[in-house]
Amino acid sequence: MNVDRQRLEQSIEELGRIGQTPRGGLTRLALTDEDKRGRDWMVARMREAGLSVTVDQMGNIFGQRPGTAPLAPVMMGSHVDSVPTGGRYDGQLGVLCGLEVIRTLNDEKLSTRHPVTLAIFTNEEGARFQPAMIASGVMAGKIALEDAYNARDKDGIRLVDELERIGYLGPEPCVPRPFRAYLELHIEQGPFLEEEGLSVGVVEGIVAIAWSRLTIHGVQDHAGPTPMRIRHDALVAAAEVVSGVRRIAREIGGELVTTIGNLVVTPNIVNAIPGRVTLSIDMRDPSDATLDRALARLEPIVREACEREGVRYELENYWRVPYTPFDRGVVDTVERAARAAGARYRRILSGAGHDAQYMAAIGPTGMVFVPSHDGRSHCEEEFTPIDDIEYGARTLLVAALDLAGRA
Ligand code: HGY
Ligand code: MN
Ligand code: MN
């Protein structure tokens, strides 16, 4: 029994066209019209596959294939929202390979003891609304529904209003639901599998992640007549923070990564001294203790840079997910499945966050990785060869069937 490679390739192509960028990437931000079109496309495919489709309060979509016994489902899922000018594999592959597994079970007229459910989680990327993985976070009871509803994008639009606008504010409570196991196939978004000539990663866990936001208040003024000695330039202080955050990673070393990905200058024109700068800080490490050490260095760097420039700041550490080990039994099942699928594989840790990180807080969870070409992701160059995708999908099929049990 094998997945249908052509059908899977066709689905990747079709869904990838919704929000496609001129360079062949993908911009399909959460709860935008493109996201609605992507969701509608997926719901239509789920219904064609005979799934009963439900939507919960956070717009998470569930397609259930019945089992022969009244047991908790084996869930497969991921997300269909992307980052701006991202790729068509991040998130999409997990959802489409999960759909392909269900389509294959249908082709083989195979019944399973446990039901099998395909899940699509809202706003996994955290690109439009923060934090990331907000909807699986609400389901896991780690983020309050009201806080998620009131999350606002850069234009001040609330998440809940966008859910309503696109017709995905569902009636189902967004609360922990029992599952036999949750499996997420995802691209590695790093270089290791491709470097080692492997097709599958058996994911053992996900790093700890911390997001902070910094606002620096300077004195907006004219770039010409204002002598240097009386300036309080928010961007000069911000620039020192940017190099300080890189220094934290360099000095602590190991697997710590620090990133400043978003920086907004106001008024952001040639001839005005910046009055305000906001910037994001993303820090990650496999060890929570190391991440705490990195975070402890952040405020002193900010304070020193702002004191030197005579500007004020607010620093908010607003999101933290701990290092998350996956369920040993599920990881072993994924490894057996990779072997049975004939894939060259190894065990690996995820440096990216995934909905699986929150699902692991409420049930047995595991992930299947497939390689990223040149390790690239969150960019239009994102690519995974169909041969590797086929090995990954076959691994997902064997693992899901093992966990759901043939009737
Ligand atoms: O931030 C992450 O790791 C994921 O792409 N949301
Ligand atoms: Mn993703
Ligand atoms: Mn992503």
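All values reported here derive from a predicted model rather than from experimental measurement. (Residues numbered from 1 in each chain as written. Chains lettered and ligands numbered in written order. Predicted model: local features only at pLDDT ≥ 70, side-chain atom pairs only at ≥ 80, totals over all residues. Heavy atoms only, no water.)

## Re the coordination of the manganese ion (ligand 2)
Turning to step 1, where the next piece is worked out: Looking at the manganese ion (ligand 2), one finds its protein donor set to be His79 (NE2), Asp90 (OD) and His186 (NE2), positioned 2.1 to 2.2 Å from the metal centre.
Turning to step 2, where the next piece is worked out: Mapped onto the polypeptide sequence, the residues donating to the manganese ion (ligand 2) form the spacing pattern H-x10-D-x95-H.
Turning to step 3, where the next piece is worked out: A separation of 3.4 Å is found between the manganese ion (ligand 2) and the manganese ion (ligand 3), which are bridged by aspartate 90. Of this pair, aspartate 90 sits in the loop between strand 3 (74-79) and helix 3 (92-107) while histidine 186 sits in strand 5 (residues 181-187); the two residues are 96 residues apart in sequence, bridging distant segments of the chain. Take aspartate 90 and histidine 186: they sit in the same class, and that class is buried. (Donors = N, O, S within 2.8 Å, 3.2 Å for Na, K, Ca; no water. Helix = DSSP H or I, 4+ residues; strand = E, 2+ residues; numbered from the N terminus. Buried < 20%, exposed > 50% of the residue type's maximum accessible area, 1.4 Å probe, protein only.)

## A few points about the coordination of the manganese ion (ligand 3)
Turning to step 1, where the next piece is worked out: The manganese ion (ligand 3) binds to the protein through Asp90 (OD), Glu125 (OE), Glu125 (OE) and His378 (NE2), with metal-donor distances spanning 2.2 to 2.4 Å.
Turning to step 2, where the next piece is worked out: Read N to C, the donor residues that coordinate the manganese ion (ligand 3) are spaced as D-x34-E-x252-H.
Turning to step 3, where the next piece is worked out: According to the relative accessible area criterion, aspartate 90 is buried, its value standing at 5%.

## Here's the deal with the environment of alanine 234
Turning to step 1, where the next piece is worked out: Secondary-structure assignment places alanine 234 in helix 8 (residues 234-252).
Turning to step 2, where the next piece is worked out: Under the relative-accessibility criterion, alanine 234 is labelled buried at 0%.
Turning to step 3, where the next piece is worked out: Residues alanine 234 and proline 274, 40 residues apart in the sequence, show an inter-C-alpha distance of 5.6 Å.
Turning to step 4, where the next piece is worked out: Once you skip the residues sitting within four places of it in the chain, alanine 234 turns out to touch Ile216, Gly218, Pro274, Gly275, Arg276, Val277 and Val311. (Contact = heavy atoms within 4.5 Å.)

## Considering the packing of aromatic side chains
Turning to step 1, where the next piece is worked out: Scanning the entire structure with this criterion turns up 4 aromatic pairs.
Turning to step 2, where the next piece is worked out: Both rings, one in phenylalanine 62 and one in phenylalanine 121, keep their centres 6.4 Å apart while their planes meet at 90°; by these two values the pair is edge-to-face. Taken together, the residues span a long stretch of sequence, with phenylalanine 62 in strand 2 (residues 61-65) and phenylalanine 121 in strand 4 (residues 116-121) at a distance of 59 residues.
Turning to step 3, where the next piece is worked out: The interplanar angle of 70° and the centroid separation of 4.7 Å between the aromatic rings of tryptophan 211 and tryptophan 319 together place this pair among those described as edge-to-face. Note that tryptophan 211 is positioned in strand 7 (residues 208-217) and tryptophan 319 in strand 13 (residues 312-321), a separation of 108 residues in sequence. (Phe/Tyr/Trp six-rings, centres within 6.5 Å; stacked < 30°, edge-to-face > 60°.)

## Structural notes on unusual backbone geometry
Most peptide bonds take the trans configuration, and most residues that are not glycine carry a negative phi.
Turning to step 1, where the next piece is worked out: With an omega of 0°, the peptide bond between glutamine 130 and proline 131 qualifies as cis.
Turning to step 2, where the next piece is worked out: Note on placement: proline 131 falls in the loop between strand 4 and helix 4 (134-139).
Turning to step 3, where the next piece is worked out: The peptide bond linking threonine 266 to proline 267 adopts the cis configuration, its omega dihedral lying at 10°.
Turning to step 4, where the next piece is worked out: Residue position: proline 267 is located in the loop between strand 10 (263-266) and strand 11 (272-273).
Turning to step 5, where the next piece is worked out: Located in the positive-phi region is lysine 109, a residue other than glycine, with phi close to 50°.
Turning to step 6, where the next piece is worked out: Its place among the elements puts lysine 109 in the loop between helix 3 and strand 4.
Turning to step 7, where the next piece is worked out: The class for lysine 109 is exposed, based on a relative accessible area of 74%.
Turning to step 8, where the next piece is worked out: With a phi angle near 55°, aspartate 374 is a residue other than glycine that sits in the positive phi range.
Turning to step 9, where the next piece is worked out: Examined against the element boundaries, aspartate 374 turns out to sit in the loop between strand 16 (365-370) and helix 12 (386-404).
Turning to step 10, where the next piece is worked out: Since its relative accessible area comes to 52%, aspartate 374 is described here as exposed.

## Some points on the packing of helix 10 (residues 328-340) against helix 12
Turning to step 1, where the next piece is worked out: Orientation of helix 10 relative to helix 12, taken along the N-to-C sense of each, is 130°, at an axis distance of 8 Å. On the basis of their axis angle, the class for helix 10 and helix 12 is oblique. As for how helix 10 packs across helix 12, the hand of that crossing is right-handed. On helix 12, the residues that touch Thr333, Val334, Arg336, Ala337, Ala338 and Ala340 of helix 10 are Thr395, Val398, Ala399, Asp402 and Leu403.
Turning to step 2, where the next piece is worked out: Classifying every residue of the contact of helix 10 with helix 12 by side-chain character gives 7 nonpolar, 2 polar and 2 charged. (Axes fitted to C-alpha atoms, helices over the stretch in contact; angles between N-to-C directions. Parallel < 35°, antiparallel > 145°, perpendicular 65-115°, else oblique. Left-handed = near helix turned anticlockwise from the far one by under 90°. Nonpolar A, V, L, I, M, F, W, Y, C, P; charged D, E, K, R; others polar.)

## Topic: helix 2 (residues 33-48)
Turning to step 1, where the next piece is worked out: Over its 16 residues, helix 2 extends 23 Å from the first C-alpha to the last, a length consistent with the 22 Å expected when each residue adds 1.5 Å.
Turning to step 2, where the next piece is worked out: For helix 2, the full list of buried residues reads Asp35, Gly38, Arg39, Trp41, Met42, Val43, Arg45 and Met46.
Turning to step 3, where the next piece is worked out: Once helix 2 ends, the next one or two residues include glycine 50, with phi positive near 85°. (Expected span 1.5 Å × (residues − 1).)

## Notes on the domain arrangement of the protein chain
Turning to step 1, where the next piece is worked out: Domain annotation for the protein chain reports domain 1 (5-207 + 323-404) and domain 2 (208-321).
Turning to step 2, where the next piece is worked out: Spacing between the C-alpha centres of domain 1 and domain 2 amounts to 33 Å.
Turning to step 3, where the next piece is worked out: Linking domain 1 with domain 2 are 0 salt bridges.
Turning to step 4, where the next piece is worked out: Where domain 1 touches domain 2, the interface holds 3 residue pairs in polar contact (both at pLDDT 80 or more).
Turning to step 5, where the next piece is worked out: Split into classes, the residues belonging to the side of domain 1 that touches domain 2 amount to 9 nonpolar, 6 polar and 1 charged. (Domains from an automatic or database assignment. Salt bridge = Lys/Arg side-chain N within 4 Å of Asp/Glu carboxyl O. Polar contact = N/O pair within 3.5 Å; in protein donor to acceptor, adjacent residues only side chain to side chain.)

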